[in-house]
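Descriptive structure summary
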Amino acid sequence: MTRPPDKVRKVRIYVMGKKYEVPEGLTIMKAMEYIGYKFIRGAGCRGGFCGACATIYRMEGDYRLQVALACQELVRDGMYLTMIPFAPAKKKTYDIRKLRPTPNVFLQLYPEIARCLSCNTCTRACPQDIPVMDYVQAALRGDIKEAAELSFDCIACGLCAVRCPAGIVPYYVGLLARRLYGKYMLPKSEELKRRVEEIRSGVFDAELDKLVGMSVDELKRLYEMRVVKR
Amino acid sequence: MRFPYYPGCTLKSSAVNFEKTALASAEALGVELVELPRWNCCGAVYSLTSDDLIHHTAPLRVLIRCQEAYKGGLVDEPRLVTLCAMCYNTLRRENAAVREDSERLRKLNEFMDKEENYECGVEVVHFLTILRNLGLRKISECVRQPLDGLRVAPYYGCLLLRPREVSVDDPENPTIMEDILEALGAEVVDIPYKAKCCGAYHGLVGDEVVAELSYRILRQASERGADVVVLACPLCEFNLGRQEVVRRRYRNFKPIPVVYFTQLMALAFGLPMEECGFEMNRIDPRPVLEKKLYR
C-alpha cells in the first residue's frame, strides 16, 4: 500500500514550528518522512534500541516538555516536536585498564554528580523507563554494581543529559559503571577464553572458508535446512 | 524493634567503619536498623533560600522513602535514624519546614508527582537520641569489655546542635555522648571547644581556617589528657580525623587519634578490635587502645 486510504484521520503536528497534517497512526519518524524529511542523521535502528532518534515534544495546551524516541512514539494531534540527533555531552577520557573499581572512581572522573539534586528529571526524560536518578545516586555513593545493573537498558539517547539541571551526563556515568562492573567485578567466562584460543589457533578456519566459498543459493539452502534446537 | 535507617553517602564510602560498628552496637542492644531499600543523597546542605524549592526535593524524597518503608511494613516506627550529623540536620530541618508551611509542601508534592505525597508523619532522629531513649542502664548492661582507663574527649561539632530547633541536646553544653561513654566505662575529658566549629568546607578553598579551628580543638583535647577524640559525624572526621592540614600549619602539633563513638561502643560490647574498622582511622588509635585497655 503506497497511499493511505481516504478515510484515514489526519492529525496536526508542528515540526520545528511549522504545521503539517499527517495521517494518524504514524510514528514521529514516519510522519516526518511523510512530510518530506530525509534522515541522514538522527535515525538508526528504527526499533527503539539505538537511541539515535531522541525527540522532545510538547502537547498543545500543556506546558510540560515530554520525551520520546521518534521511531517508537506515534504522532498525536497538537504535537509540537523537535528531534535531537546529537546531545552535546563531554565524555571523560580514561583507560579502563588503569582504573580500579573503588567507590571514589565516579567522583574522580565525573565530579559533577555531586551536584545531583535528586530532582528525578532524568528519570522522567528516559524513554527506556530506566531509574536514572537512582543509578546516578548509586554512583555518587560508589555502588558500582547497583549503578551498572540499574543502567543496563541505557541506549545513550542523550535525553537525560539534555534535561539535567546540574549538567550531569548520566549515561556516561552508567557506561563507566557497566565497564567497571564487567571488567573487574563479574566472574570471567572460562569458556570464552577457550573459544578465543580455538579461533586464534585456526580450529574454525576450514569451515569458515567453506562458507565464504559458497554461492548465495547454497547459503540460502543451508540456512533453510538448519536445525533449530528448542 | 525495627527502625528505618538512612545511611547517607559518606557512611557508604569514607565512613563504613562508623556504619559497621553502629549496626553492630544496635544489634547488641536489640535494635534493628533497617536501611531504606531505596534512597538518595539528602542534599547535604539545607538550602536557606525561600524561593528555590528544587534544592528541597532531595531531602523530601528521603522522607517519602521512609514513609514508604513504614507503610510497607519494613519497619515498626516512622522514626528515621541517621548516623551522619549533616544528614540529620538537613532532613530534620526539611521535615520541620514542610510541616510548618503547607504551601511549600503542596508545591513540592505536586512537583514530585511520580512519588506519593509526603504526609508529614516521619520523625528524624540521630542514633544518639535512640541510645538516650534506650537508657544508660541498658547500655551498661551490654558492656562486656569496659573502657576503663581510656580517656575520651567527645566532640559534637555544629550540626548536631544548631539551629536550636534541631539540637539533640543542650546546644551550649551537650552531655549525651559523655553519658554514653561513661556508661561504657570510659573516663570523659571535657573540652570547652566540643561544640565549636572545625572549619567545615573551608578546607576546599584553603588551609588556614580549618587548620586554626581544628588545631584549637585537638590541642585542647590533648592538653586535657585525652587519649582519643570521639566523634558522632563523618564530616567532622574530614577535618579533625585527617590532621595533615593542621600539621602543615602547626609544625609542633602532635597528632591525636580520632574515633567514632560507635567504634568504642562496639569494642565495649565485645566486638573484636579487628572488626571495629580502626584501620580506616587516619591516626591509628590501636596503639593507645591496646595500651590503655589491654594491659
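Residues numbered from 1 in each chain as written. Chains lettered and ligands numbered in written order. Predicted model: local features only at pLDDT ≥ 70, side-chain atom pairs only at ≥ 80, totals over all residues.

**Brief notes about the overall build of chain A**
Along its length, chain A carries 10 helices and 5 strands. At 23 Å, chain A has a C-alpha radius of gyration far larger than the 17 Å of a compact globule built from 230 residues. Seen along its three principal axes, the alpha-carbon backbone of chain A occupies a region of about 65 × 60 × 30 Å. Looking at the 230 residues of chain A, the share that counts as buried comes to 29%. (Helix = DSSP H or I, 4+ residues; strand = E, 2+ residues; numbered from the N terminus. Rg over C-alpha atoms; globule rule 2.2 N^0.38 Å. Buried ≥ 20, exposed ≤ 12 C-beta atoms within 10 Å, placed from the backbone.)

**Re the overall build of chain B**
Each helix and strand counted, chain B has 12 helices and 8 strands in total. Since a compact globule built from 295 residues should have a radius of gyration of about 19 Å, the 19 Å found for chain B is in line with a globular shape. Projecting the C-alpha coordinates of chain B onto the three principal axes gives extents of approximately 60 × 45 × 30 Å.

**Section: the interface of chain B and chain A**
With 13 residues of chain B in contact, the opposing surface of chain A contributes 14 residues. Per-class residue counts for the side of chain B that touches chain A are 5 nonpolar, 4 polar and 4 charged. (Contact = placed C-beta atoms within 7 Å. Nonpolar A, V, L, I, M, F, W, Y, C, P; charged D, E, K, R; others polar.)

**Considering helix H3 (residues 85-100) of chain B**
All names here are of chain B. Between its terminal C-alpha atoms H3 stretches 22 Å, which fits the 22 Å expected from 16 residues at 1.5 Å a residue. The element H3 is largely enclosed, with a buried count of 12 among its 16 residues. Considering only its buried residues, H3 is in contact with strand S1 (2-6), helix H2 (57-71), strand S3 (79-82), helix H4 (102-111), strand S4 (123-126) and helix H9 (234-241). (Expected span 1.5 Å × (residues − 1).)

**Some details on the domain arrangement of chain A**
Residue and element names in this part refer to chain A. Taken domain by domain, chain A holds domain 1 (10-83), domain 2 (105-185) and domain 3 (190-224). One C-alpha centre belongs to domain 1, the other to domain 2; they are set 26 Å apart. Examining the composition of the side of domain 1 that touches domain 2, we find that 3 residues originate from one element, strand S4 (residues 65-69), more than from any other. Broken down by class, the residue content of the side of domain 1 that touches domain 2 amounts to 6 nonpolar, 1 polar and no charged. (Domains from an automatic or database assignment.)

**Some remarks on the sheet that holds strand S6 (residues 187-188) of chain B**
Residue and element names in this part refer to chain B. Within the open sheet, the 4 strands sit side by side as S6-S5-S7-S8. Their pairing is parallel. The open sheet terminates on both sides in strands that have one partner only, identified here as S6 and strand S8 (258-260). Bridge count for strand S5 (residues 151-154) against strand S7 (residues 228-231) is 3 bridges, and the pairing is parallel. Across the sheet, the residue bridging to Val152 is Val228, located in S7. Contacting S7 and S8, H9 crosses the sheet at an angle of about 150° to S7. (Pairing = 2+ DSSP bridges. Axes fitted to C-alpha atoms, helices over the stretch in contact; angles between N-to-C directions.)

**Here we look at the nonpolar core**
Val229, Val230, Leu231 and Leu264 of chain B are the most contacted members of the largest nonpolar core, which totals 149 residues. Not counting residues within four places of it along the chain, the set of residues in contact with Val229 of chain B comprises Ala153, Tyr155, Leu218, Ala221, Leu240, Ile256 and Val258 of chain B. (Core = buried A, V, L, I, M, F, W, Y, C linked by C-beta atoms within 7 Å.)

**A short note on the sheet that holds strand S5 (residues 79-83) of chain A**
All names here are of chain A. Strand order in this open sheet of 5 strands is S2-S1-S5-S3-S4, and the pairing throughout is mixed. Here the strands that pair on one side only, and so sit at the sheet edges, are strand S2 (18-23) and S4. The sheet shows a mean angle of 35° between the axes of neighbouring strands, taken without regard to direction. Across 5 bridges, strand S3 (residues 54-59) lies against S5 in antiparallel orientation. Paired with Arg58 across the strands is Tyr80, a residue of S5. Lying on the sheet, helix H1 (residues 28-35) is in contact with strand S1 (10-15), S2, S3, S4 and S5; it crosses S2 at an angle near 105°.

**What to know about the domain arrangement of chain B**
All names here are of chain B. Split by domain assignment, chain B resolves into domain 1 (2-128) and domain 2 (144-293). Computed from C-alpha coordinates alone, the two centres of domain 1 and domain 2 are separated by 25 Å. Listed as interface residues are 23 residues of domain 1 and, on the opposing side, 23 residues of domain 2. Within the residue set of the side of domain 1 that touches domain 2, elements represented by two or more residues are helix H1 (16-28) and H3. A total of 9 residues in the side of domain 1 that touches domain 2 trace back to one element, the largest contributor, which is H1.

**Structural notes on the environment of Cys116 of chain A**
With respect to the helices and strands, the residue Cys116 of chain A is situated in the loop between helix H2 (105-109) and helix H3 (121-125). For the pair Cys116 of chain A and Ala166 of chain A, spaced 50 residues apart in sequence, the C-alpha to C-alpha distance is 6.1 Å. Among residues more than four places away in sequence, those in contact with Cys116 of chain A are Val136, Gln137, Leu140, Ala166 and Ile168 of chain A together with Cys41 of chain B.

**Considerations on the pairing of S7 of chain B**
Residue and element names in this part refer to chain B. The alternating pattern of S7 places Val228 and Val230 on one face and Val229 and Leu231 on the opposite face, and all of these are buried. Here S7 pairs with S8 via 3 bridges, running parallel. Each bridged residue has a counterpart across the sheet, and for Val230 the counterpart in S8 is Val259.

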